[in-house]
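Structural features, examined
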Amino acid sequence: MAVIGIMDSGSGGLSVFREIRRLLPRSRFLYFSDNAFCPYGDKTADFIRQRCDVITRELLGKGAEVIVVACNTATAAAIASLRETFPVPFIGMEPAVKPAALGTKSGVIGVLATAGTLKASKYLITKGLYGSGVRIVEHVGSGFVELVENGILEGPEAEKRCAQSLLPLLEAGADTVVLGCTHYPFLLGTLQKVAAAQGYPDVRFIDPAPAVARRLVTVLQETGLPAEDAHPGTELLSSGPEDTLRSLYELINKEDTAPEGL
Ligand code: DGL
């Protein structure tokens, strides 16, 4: 019986949880939103490491046997120290520069992420490994995390914010945009709308969550942890108010139970 812990600075990691649950519908999940300390994007790496340490102890105390750090910023700041400190497997996030670089036709890829992710050595190494031969343009998704944490996924305010961060990438020629923060997939509909309205209807957005979910399945197989649990389901945990967490959780549940075509 494997209990899978998932953590993020807030509700963004639910975009990763959604993909994981599609592959592992009979597992037991503990999802921790650190929303009392969100956003992580502008915090120091030391602070994020301390928070990840506290959250990991809580998840392990509740029985987690494998932990997904469903946050690019926390992965960049803390995954190495988590792996050194705790004796369970950790799966982290990484901006999907590799598939973007392989798929671009214009030779320009855009990366939307937090300031913390874009300046972290982990991202710089990824860029060095996979970004040669393409031009990479980057932008912080300014205000995106706050929009999602306030449950604002569409409408004029979301469109304005999305346009401010996305258009510079499209104007620079990016035909592929990496969503390098787990909150951003919740704004995908608005990002697509803004791109189309500005004359870029064919831009491709890449969310690494499905690849992370597949990686988790592989890790479970490699470590011999059974994916199925006698008590499948999800427990939501948080360090702050739970309204948005619960409403986004309901939203992904509704999407996953909607009949085909809806
Ligand atoms: N969802 C997180 C990420 O993937 C963190 C966003 C934040 O708290 O700034 O980077």
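All right, on to the site of the ligand then. Near the ligand you find 14 residues, and of these Ser9, Tyr40, Asn72, Thr73 and His183 are the closest. Ser9 is positioned with one of its side-chain polar atoms (N or O) 2.6 Å from an oxygen atom of the ligand. Measuring from an oxygen atom of the ligand, one finds a side-chain N or O atom of Thr73 at 2.6 Å. Within the complex, 99% of the 300 Å² of free accessible area of the ligand lies under protein. Under a 2 Å grid-point criterion requiring more than half of the atoms, the pocket assigned to the ligand is the largest cavity. Of the residues in the shell around the ligand, the class split is six nonpolar, seven polar and one charged.

Turning next to helix 3 (residues 72–85). Spacing of three or four residues puts side chains on the same side of an α-helix, whose turn is 3.6 residues. Under the 1.5 Å per step criterion, the end-to-end length of helix 3 is 19 Å for 14 residues, consistent within 8% with the ideal 20 Å. At Ala78, helix 3 shows its strongest bend, of approximately 60°. When helix 3 is considered as a whole, its buried residues turn out to be Asn72, Thr73, Ala74, Thr75, Ala77, Ala78, Ile79 and Leu82. Tucked inside the fold, the buried residues of helix 3 contact helix 2 (45–61), strand 3 (66–69), strand 4 (90–91), helix 5 (115–119) and helix 6 (121–130).

Our focus in this paragraph is the side chain of Thr182. Along the chain, Thr182 falls in the loop between strand 7 (176–179) and helix 9 (188–197). For Thr182, a relative accessible area of 4% corresponds to the buried category. Polar side-chain contacts of Thr182 include one of 2.9 Å to the backbone oxygen of Ala70. What Thr182 contacts, discounting residues up to four positions off in sequence, is Asp8, Gly12, Gly13, Ser15, Val16, Ala70, Cys71, Asn72 and Met93.

Under the definition given, this model contains five aromatic pairs. These aromatic residues form a ring-pair network of at least three members: Phe17, Phe29 and Tyr249. Seen from the ring of Phe186, Arg18 lies directly overhead, with NZ or CZ sitting 5.4 Å from the centre.

Strand order in the open sheet made by the four strands is 6-5-7-8, with parallel pairing throughout. Every interior strand has two partners, whereas the edge strands, strand 6 (135–140) and strand 8 (204–206), have only one. With strand direction ignored, the average angle separating the axes of adjacent strands in the sheet is 25°. Bridge analysis of strand 5 (residues 108–113) against strand 6 gives six bridges, and the strand direction is parallel. Residue pairing across strands places Gly110 opposite Val137, the latter belonging to strand 6. Running over the sheet, helix 9 touches strand 5, strand 7 and strand 8 and is turned about 155° from strand 8.

Tracing the sequence through the fold places Leu112 in strand 5. Overall, Leu112 belongs to the buried group, its relative accessible area being 0%. C-alpha of Leu112 to C-alpha of Arg215: the two residues are 103 residues apart in sequence and 22 Å apart in space. When residues no more than four places from it in sequence are discounted, the contact partners of Leu112 are His139, Phe144, Ser165, Leu166, Leu169, Val177, Val178, Leu179, Gly180, Cys181, Tyr184 and Leu191.

Here is what the cut-offs are and how they apply
Residues numbered from 1 in each chain as written. Predicted model: local features only at pLDDT ≥ 70, side-chain atom pairs only at ≥ 80, totals over all residues. Heavy atoms only, no water. Near = heavy atom within 4 Å. Polar contact = N/O pair within 3.5 Å; in protein donor to acceptor, adjacent residues only side chain to side chain. Areas by Shrake-Rupley, 256 points an atom, 1.4 Å probe, with all protein chains shown as cover. 1 Å grid on protein atoms, 1.4 Å probe; cavity = no way out; pocket = protein on both sides within 12 Å on 5 of 7 lines; lining within 4 Å. Sits in = over half its atoms within 2 Å of the grid points. Nonpolar A, V, L, I, M, F, W, Y, C, P; charged D, E, K, R; others polar. Helix = DSSP H or I, 4+ residues; strand = E, 2+ residues; numbered from the N terminus. Expected span 1.5 Å × (residues − 1). Bend = angle between axes of the 7 residues up to and from the residue. Buried < 20%, exposed > 50% of the residue type's maximum accessible area, 1.4 Å probe, protein only. Contact = heavy atoms within 4.5 Å. Phe/Tyr/Trp six-rings, centres within 6.5 Å; stacked < 30°, edge-to-face > 60°. Lys NZ or Arg CZ within 6 Å of the ring centre and 35° of its normal. Pairing = 2+ DSSP bridges. Axes fitted to C-alpha atoms, helices over the stretch in contact; angles between N-to-C directions.

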